[in-house]
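A look at the structure
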Amino acid sequence: MRAKEIKMEVTYTEGYERRFTEACLKQIRRGHDSSPEDGRDQNSDGEKKTA
C-alpha cells in the first residue's frame, strides 16, 4: 500500500492560545489531584511530610 501525502492549512481562531493553555493546565491539575507524584506522601502545598 502506498502512503498518500496530505497537505492542509490550519487557521487558529482568536483566543485559541489561551483556551489551549487553560485546557492543558486543567489536565495537569486533574492528574496531580488523582495521585501523589512518585508515590511520595505530600501535603496540599507539595511539601514532603515528615514524622
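For the structure given in this document, a descriptive report is provided here. Keep in mind that this is a model prediction, so the values were computed, not measured.

What follows is about the packing of aromatic side chains. One pass over the full model with this rule turns up 2 aromatic pairs. Taking 4.3 Å as the distance between ring centres and 20 degrees as the angle between the ring planes, the aromatic pair formed by Tyr12 and Tyr16 counts as stacked. Given a relative accessible area of 55%, Tyr12 falls into the exposed group. For Tyr16, a relative accessible area of 31% translates into the label partly exposed. Centre to centre, the rings of Tyr16 and Phe20 are 5.8 Å apart; their planes meet at 25 degrees, and the pair counts as stacked. Here Phe20 and Tyr16 lie together in helix H1 (residues 16–34), a separation of 4 residues that amounts to about one turn. Of the aromatic side chains, those joined through ring pairs into one cluster are Tyr12, Tyr16 and Phe20.

Procedures and definitions
Here the residue index of a chain counts from 1 through its sequence in written order. Given that the model is predicted, a residue must reach a pLDDT of at least 70 before its local features are reported, and side-chain atom pairs must reach 80 or more before they are shown or counted; all residues, however, enter totals for whole chains, interfaces and linings. As a convention, hydrogens and water are excluded, and side-chain values are obtained from all of the structure's heavy atoms. For Phe, Tyr and Trp, rings pair up if their centres lie within 6.5 Å, where Trp contributes its six-membered ring, and each pair is then called stacked (planes under 30 degrees apart), edge-to-face (over 60) or tilted (otherwise). Each residue gets one of three labels from its accessible area relative to the maximum for its type: buried under 20%, exposed over 50%, partly exposed in between, using a 1.4 Å probe on protein chains only. Starting at the N terminus, helices and strands are each numbered in turn, a helix being any DSSP run of H or I of at least four residues and a strand any DSSP run of E of at least two.

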